Amino acid sequence: GGDRHRHHHHRHESHHGRGKSSKPHPSEKYAVEPMLCQFLWKKELEKDAKMARGEETLDKAGEGERDLAMDQQKSNEDSEENNASSNNIDQEGEPNGEQSPPEPDPLFESPEAEAEAYADYNMKYCLNYVRTFFNHHLDDPWFRQRLSPLEAFRRARKERLRSNAEAAEFRKDILNSLEEQQSGVIPKKDPDCPDYLGPPKCNFVSGCRLGVGTKPTASLIATPFYRRRTHSHYDDDAPHEDDSPHHIVLQGEDRNRIERHAKSHLHSFIKSDACVKIVDVPPHATDEQISASLAEHCTVKPPSAVWSSAVFVPKEKTSGSADPYHRTVYAVFPSREAKDNLIENLHRANEDASRGHHREREERHPRIRDGRDGIPGVLHLDVDCTDVYGRRQVDADGKGGAPPLTEEQKASKKEPDLKLPTRRCTVFVSTASLAPSQPVSVLSAAVSSRARIAQDRDSVSTIALTLDQVREIKAGNRLDDLLRLLYPGNELENVDDEDILDVSIAYLRRVHLFSFYNGCTAASDVGNVLSGQHPAGTIHLRLRDADEILRKAAEEKGDIPMTGGVDEEKNEDNENLEDDDNEDSSGNEGKAVAKDMLVMRLNESISKALDHVKMLAYRGSSCLIDEETDSAARAIELQEQQTKNEWIENHGIIDGDGRARCS
């Protein structure tokens, strides 16, 4: 009880009175004092009014003397009140001749006026809080991405470039696999693949097949996936749509066995191990600054792209140790050799920095290492984040002018320091491969039924065709072109629908960041996919032998196992997987077969996705976000270019000696 009381007390102390182990609440950065309830607010007003009337005197000599004067005044008032109360009534019970001071006028004419005044105080407090928050995060990348049309426009344009590059890599994977087949390499049929599917044409098709999911063990079901992950604490607070019993995420030995089935669904830079994960990135550090700091340690090739996940936003009833508005960054390199070169050079720099007084501590507490030549699992990266716009000197008038001298500078006759104060931060680079951390889940038997394959194939083809056109995927790299490349001539007509569906789903995930089996939505950028903050971050396997499980359940007149057939338990909701219109011929309403909830949810998501791509097709390929946002972004971009030209003109004046000077 005592510890809890002390902790509660410390929560209400000011920031300066905190212990070193106590972290301030994020809201304390934007407000000097907490918002008062109506009772305390009124007490403060009464105190101010009393001081204004001169009835309460404060000594201005200092804090100690002021408190002493207040205590003395209170003691005198208490003594006077006691004397007055003893002499106020005479022996006959009548009051004496002394009169009490008049009551002060009420602060408000009515309770309604008081409530209105408090509402006004509340509104002004919130407005000041929002303004402070806005000014504090105005230059933060995550804040500008949420509010600036230009930032959203540039991110969409960058995503289009990435999708085209990934489509080209998808084509390369197909060509390489076909070359292996022509050279005599026999593709291996997965032992978990259903018997009705024949041998795959090539290893690429084998890596696309999704109907190979197996039943997870009970121990894996008992623990939610996001609580078992260890690679980042940011994901602990991120929502995971796969944390339901209908999408069982497999880890450990089972997950590794299944992961080999879905290699063709991995993004090219994940499959080639050419990407590094950087955690604990503060909000004021930009992707460009992260990329520049990484490039300083690269002697082969610098990173080709940097992607950020969504920042961690603190919310009510949110647990976790993540710092507010921090994020995870993923740096993509042209090759694995370039990535390994960075890790080696960064490791060497860390070792040089840790020599001396850190050596003894390292011997006592060795760091966790990933087993690759003694390289630790996490490396430190120093980032220069002095200014988000790359400015290095103070520009007081927009023309290179120095700020006015202070009186101290005038007296000392020293030139003012025009350099901005250096600001640096340390982020943490993970040296582990990202492929093993890609989550895989097994769908329920209802969604895995082979009866859905043909219908889902048509839906996926329509979605991919429209997205390819809208996002201007280069001809030859679009899904229909790649399918004809994989199955030339009349061969495509004889291919099983399930293989076409799985290749199409892999294409949608890699090129368009689209999750078909979980929500039928596309992520805005690859950072949210890699961090698991979007359903496309999970690879969904269909449960093998799903139709057999459904048949047995129908014969037993039981319910479909909603957790992917684990122990073939019966569902307590009394639902099965038949259509709504498949009713008993007797017309008995109680025997009408209800449609499975997961099937209904997937069908609804597919319907919404088809409507959404129709809307995108109507807008056309020239529209990146929407007409209003694109128009505002282009206007801002034009103004930026004009301002840039004016700045260069103002800072390019030639002096008489022929040297360029700032005006």
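Quick caveat, the model's predicted, so the values are computed rather than measured.

Attention shifts here to the sheet that holds strand S2 (residues 275-281). Read across the open sheet, the 5 strands follow the order S3-S4-S2-S6-S5; overall the sheet is antiparallel. Looking at which strands have only one partner, the edges of the open sheet turn out to be strand S3 (305-308) and strand S5 (378-384). The mean angle between the axes of side-by-side strands here comes to 30°, regardless of whether they run parallel or antiparallel. As paired strands, S3 and strand S4 (residues 327-332) are joined by 4 bridges and run antiparallel to one another. When the bridges of S4 are listed, Trp 307 appears paired with Tyr 330.

Inspection of the entire model under this criterion finds 30 salt bridges. Between Arg 510 and Asp 173 there is a salt bridge; the shortest N-O distance is 3.0 Å. Placement of Arg 510 in helix H19 (residues 497-512) and of Asp 173 in helix H6 (residues 149-182) is noted, with a sequence separation of 337 residues between them. Side by side, Arg 510 and Asp 173 carry an identical accessibility label, which is buried. Notably, a salt bridge pairs Glu 548 with Arg 551, separated by 2.3 Å at the nearest N-O pair. Placement of both Glu 548 and Arg 551 in helix H21 (residues 546-555) is noted, with a separation of 3 residues, approximately one turn of the helix. For Glu 548, a relative accessible area of 34% corresponds to the partly exposed category.

With that settled, consider a nonpolar patch on the surface. Residues Phe 134, Leu 138 and Leu 147 make up a contiguous nonpolar surface patch of roughly 260 Å² in combined accessible area. Structurally, Leu 138 is set in the loop between helix H4 (111-136) and helix H5 (141-147).

One finds Phe 170, Ile 270, Leu 486, Tyr 507, Phe 514, Phe 516 and Tyr 517 to be the most contacted residues of the largest nonpolar core, which totals 64 residues. Here this core takes 8 residues from H19, the largest share from any one element. Beyond its immediate chain neighbours, meaning those up to four positions away, Tyr 507 contacts Ala 167, Phe 170, Asp 468, Ile 473, Asn 477, Arg 478, Leu 479, Leu 482 and His 512. In terms of nonpolar packing, the next biggest core, distinct from the first, is built from 23 residues, Val 329, Phe 333, Cys 425 and Val 427 among them.

The residue Tyr 325 is not glycine, and still its phi comes out positive at about 65°. Tracing the backbone shows Tyr 325 in the loop between S3 and S4. Unusually for a residue other than glycine, Cys 520 sits at a positive phi of about 55°. Take Cys 520: it is sitting in the loop between strand S8 (514-515) and strand S9 (521-522). The buried category is assigned to Cys 520, whose relative accessible area is 6%.

So, on to the pairing of strand S6 (residues 424-430). Of the strand pairs in this sheet, S2 and S6 are connected by 3 bridges, and their pairing is antiparallel. Its bridge partner being in S6, Val 279 is matched across the sheet by Phe 428. Across 7 bridges, S5 lies against S6 in antiparallel orientation. Within S6, the position partnered with Leu 381 by the bridge is Val 427.

Two elements in contact, H6 and helix H18 (residues 479-486), have axes separated by 10 Å at closest approach and are oriented at 5°. When the axes of H6 and H18 are compared, the pair comes out roughly parallel. Here H6 contributes Phe 170, Arg 171, Ile 174, Leu 175 and Leu 178 to the contact with H18, which in turn contributes Leu 482, Leu 485 and Leu 486.

This part covers helix H23 (residues 627-650). With 24 residues, H23 should cover 34 Å at 1.5 Å per step; its first-to-last C-alpha distance of 35 Å lies within 8% of that length. Turning to H23, its buried residues number three or more, namely Thr 629, Asp 630 and Ala 633. If you follow the buried residues of H23, they end up packed against H6. At the N-terminal end of H23, a side-chain oxygen is found 3.2 Å from the backbone nitrogen of Glu 628, two or three residues along, and the residue is Asp 626.

For the rest of this paragraph, the subject is the confidence of the model for the protein chain. On average, the protein chain scores 76 in pLDDT, and the residues at 70 or more come to 67%. Low pLDDT, under 50, characterises residues 1-21; the predicted model gives this stretch 9 contacts beyond four residues in sequence or across chains. The model gives residues 560-594 a pLDDT under 50, and that stretch makes 61 contacts with residues more than four places away or in other chains.

This part takes up empty space enclosed by the protein. Evaluation of the coordinates by the stated rule reveals 4 cavities of 30 Å³ or more. Considered as a void within the structure, the largest cavity measures approximately 100 Å³ in volume. Lining the largest cavity are Leu 210, His 265, Ile 505, Arg 509, Phe 514, Ser 515, Phe 516, Tyr 517, Ala 536, Thr 538, Ile 539 and His 540. When residues of the lining of the largest cavity are traced back to their parent elements, those giving at least two are H19, S8 and strand S10 (539-541). Across the lining of the largest cavity, the residue classes break down as 7 nonpolar, 4 polar and 1 charged.

Time to look at the side chain of Gln 438. Along the polypeptide, Gln 438 turns up in the loop between S6 and strand S7 (440-442). With a relative accessible area of 4%, Gln 438 lands in the buried category. Polar side-chain contacts of Gln 438 include one of 3.5 Å to the backbone oxygen of Leu 434.

Relative to the helices and strands, Lys 339 is located in helix H13 (residues 336-354). For Lys 339, a relative accessible area of 1% puts it in the buried group. Among the polar contacts listed, one links the side chain of Lys 339 to the side chain of Asp 273, at a separation of 2.8 Å. Those residues in contact with Lys 339, other than ones at most four positions away along the chain, are Asp 273, Ala 274, Cys 275, Val 276, Phe 333 and Thr 431.

Tracing the backbone shows Val 529 in helix H20 (residues 526-530). For Val 529, a relative accessible area of 1% corresponds to the buried category. The sequence separation of Val 529 and Gln 438 amounts to 91 residues, and the corresponding C-alpha distance is 9.8 Å. Residues within four places of Val 529 in sequence aside, it is in contact with His 267, Arg 509, Leu 513, Ala 523, Ala 536 and Gly 537.

Cut-offs and rules
- Residues numbered from 1 in each chain as written.
- Predicted model: local features only at pLDDT ≥ 70, side-chain atom pairs only at ≥ 80, totals over all residues.
- Heavy atoms only, no water.
- Pairing = 2+ DSSP bridges.
- Helix = DSSP H or I, 4+ residues; strand = E, 2+ residues; numbered from the N terminus.
- Axes fitted to C-alpha atoms, helices over the stretch in contact; angles between N-to-C directions.
- Salt bridge = Lys/Arg side-chain N within 4 Å of Asp/Glu carboxyl O.
- Buried < 20%, exposed > 50% of the residue type's maximum accessible area, 1.4 Å probe, protein only.
- Patch = residues over 30% accessible without salt bridge, like charges linked within 9 Å, V, L, I, M, F, W, Y side chains within 5 Å.
- Areas by Shrake-Rupley, 256 points an atom, 1.4 Å probe, with all protein chains shown as cover.
- Core = buried A, V, L, I, M, F, W, Y, C linked by side-chain atoms within 4.5 Å.
- Contact = heavy atoms within 4.5 Å.
- Parallel < 35°, antiparallel > 145°, perpendicular 65-115°, else oblique.
- Expected span 1.5 Å × (residues − 1).
- Polar contact = N/O pair within 3.5 Å; in protein donor to acceptor, adjacent residues only side chain to side chain.
- pLDDT = per-residue confidence, 0-100.
- 1 Å grid on protein atoms, 1.4 Å probe; cavity = no way out; pocket = protein on both sides within 12 Å on 5 of 7 lines; lining within 4 Å.
- Points joined across faces, edges and corners; volume = space filled by probe spheres on them.
- Nonpolar A, V, L, I, M, F, W, Y, C, P; charged D, E, K, R; others polar.

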